[in-house]
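Below are the chains, spelled out letter by letter.
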Amino acid sequence: TFEILEDAGFETVHTVQNTAIELIHILNKTRFEKPLLFCRGQEVLHDIKGHTPKLQINEIVLYESQKVDKFTSEAEKGLMNGDVTEILIFSKRTIDSFFNALKTSTHQKQIIECMTRTRLLCLSSAMVEYASKLSIDKDLPIVWRDIVSAKIPIRDSMIDLLKQPN
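1. Considering a nonpolar patch on the surface
- The grouping of Ile 4, Phe 10, Leu 37, Ile 60, Leu 62 and Tyr 63 at the surface amounts to a nonpolar patch, some 520 Å² of accessible area in total.
- By residue number, the principal contributor to the nonpolar patch is strand β2 (residues 57-63), which donates three residues.
- Taking relative accessible area as the criterion, Phe 10 reaches 41% and is therefore assigned partly exposed.

Given below as structure tokens:
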């Protein structure tokens, strides 16, 4: 979203380090003379506009996510063989979709065994915390090689994580 707005010519684009709750807190503490434009995906976890009733916020939906229930055969093969060494996660829904696909995989155990060689790269520290608590069941814990967060929640920060040495 950040890059889309910059490319569209907006001079001032703000982003928040970690969570929508943090954004709501900042917005409620700040006085704005003019209306705000909140650019977001179709589905949101927190209603920013509803939690900031004193502000005039215009919302625009810039993208729609499509949920998947299973891995493609190519993705499953890469995960199962340990060919995938990094997984990029941009939202809580992405984490949930990944785990749902893992739960339905017929190669679940092999994939989970390969996670010890895989880094999970998350857009925010809140996603790191959420992902680190998930498991398929108590007898089959997921142990990642590493779970890391981008410095700021933008695409370029995620790319910077990919550039870091393994």
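Let us keep going from here.
2. Here's the deal with the sheet that holds strand β3 (residues 86-89)
- Strand order in this open sheet of three strands is β3-β4-β5, and the pairing throughout is parallel. Looking along the sheet, the strands with just one partner apiece sit at the ends: β3 and β5 (146-149). The sheet shows a mean angle of 20° between the axes of neighbouring strands, direction not considered.
- Pairing of strand β4 (residues 119-122) with β5, which is carried by four bridges, proceeds in the parallel orientation.

3. Looking at the side chain of Thr 118
- By secondary structure assignment, the location of Thr 118 is in the loop between α5 (108-114) and β4.
- Judged by its relative accessible area of 1%, Thr 118 is buried.
- Aside from chain neighbours lying at most four places away, what touches Thr 118 is Val 84, Thr 85, Glu 86, Ile 87, Trp 144, Arg 145 and Asp 146.

4. Details of the pairing of β3
- In β3, alternate side chains face the same way, and those of Ile 87 and Ile 89 are buried while those of Glu 86 and Leu 88 on the opposite face are not.
- Bridge analysis of β3 against β4 gives four bridges, and the strand direction is parallel. Residue pairing for β4: Ile 89 is matched across the bridge by Cys 122.

5. Focus on the packing of aromatic side chains
- Scanning all chains against the criterion turns up three aromatic pairs.
- Taking the centre distance of 5.9 Å and the plane angle of 80° together, the rings of Phe 98 and Phe 99 count as edge-to-face.
- With a relative accessible area of 10%, Phe 98 lands in the buried category.
- Here a set of aromatic residues connected by ring pairs shows up, and it is made of Phe 71, Phe 98, Phe 99 and Trp 144.

Conventions adopted
- Residues numbered from 1 in each chain as written.
- Predicted model: local features only at pLDDT ≥ 70, side-chain atom pairs only at ≥ 80, totals over all residues.
- Heavy atoms only, no water.
- Patch = residues over 30% accessible without salt bridge, like charges linked within 9 Å, V, L, I, M, F, W, Y side chains within 5 Å.
- Areas by Shrake-Rupley, 256 points an atom, 1.4 Å probe, with all protein chains shown as cover.
- Salt bridge = Lys/Arg side-chain N within 4 Å of Asp/Glu carboxyl O.
- Helix = DSSP H or I, 4+ residues; strand = E, 2+ residues; numbered from the N terminus.
- Buried < 20%, exposed > 50% of the residue type's maximum accessible area, 1.4 Å probe, protein only.
- Pairing = 2+ DSSP bridges.
- Axes fitted to C-alpha atoms, helices over the stretch in contact; angles between N-to-C directions.
- Contact = heavy atoms within 4.5 Å.
- Phe/Tyr/Trp six-rings, centres within 6.5 Å; stacked < 30°, edge-to-face > 60°.

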